[in-house]
Amino acid sequence: MEGAARHPIADWLDITGARWSLAGTEAVLKLRALIANGDLDTFWAYHLKQEHQRNHQDHYQQKHQLTA
């Protein structure tokens, strides 16, 4: 499988004028794998939950203690 995928990926990355970092390439390939496996909706729900936790609950939840 790896050998078969190498050539289409190389063609995709060699598009004239495109610049791909290793991290960006890996992210796109992971998203394409999620789409191909039918797991994108499950992953996206998990991603949104984790982002909400990281951006909101972790910052504000512990700063205010209930006194009642």
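Residues numbered from 1 in each chain as written. Predicted model: local features only at pLDDT ≥ 70, side-chain atom pairs only at ≥ 80, totals over all residues. Heavy atoms only, no water.

(A) Main features of the confidence of the model for the chain. Here the chain averages 80 in pLDDT, while 74% of its residues score no lower than 70. The least confident element of the chain, judged by mean pLDDT, is helix H1 (residues 2–13) at 64; the most confident is helix H2 (residues 22–37) at 90. (pLDDT = per-residue confidence, 0-100. Helix = DSSP H or I, 4+ residues; strand = E, 2+ residues; numbered from the N terminus.)

(B) Structural view of H2. Here H2 spans 22 Å end to end across 16 residues, near enough to the 22 Å set by a 1.5 Å rise per residue. Just downstream of H2 lies Gly38, where phi reads positive at about 80°. (Expected span 1.5 Å × (residues − 1).)

(C) Layout of the environment of Thr25. With respect to the element layout, Thr25 can be found in helix H2. In this structure the C-alpha to C-alpha distance between Thr25 and Leu13, which are 12 residues apart in sequence, comes to 8.2 Å. Those residues in contact with Thr25, other than ones at most four positions away along the chain, are Trp12, Leu13 and Trp20. (Contact = heavy atoms within 4.5 Å.)

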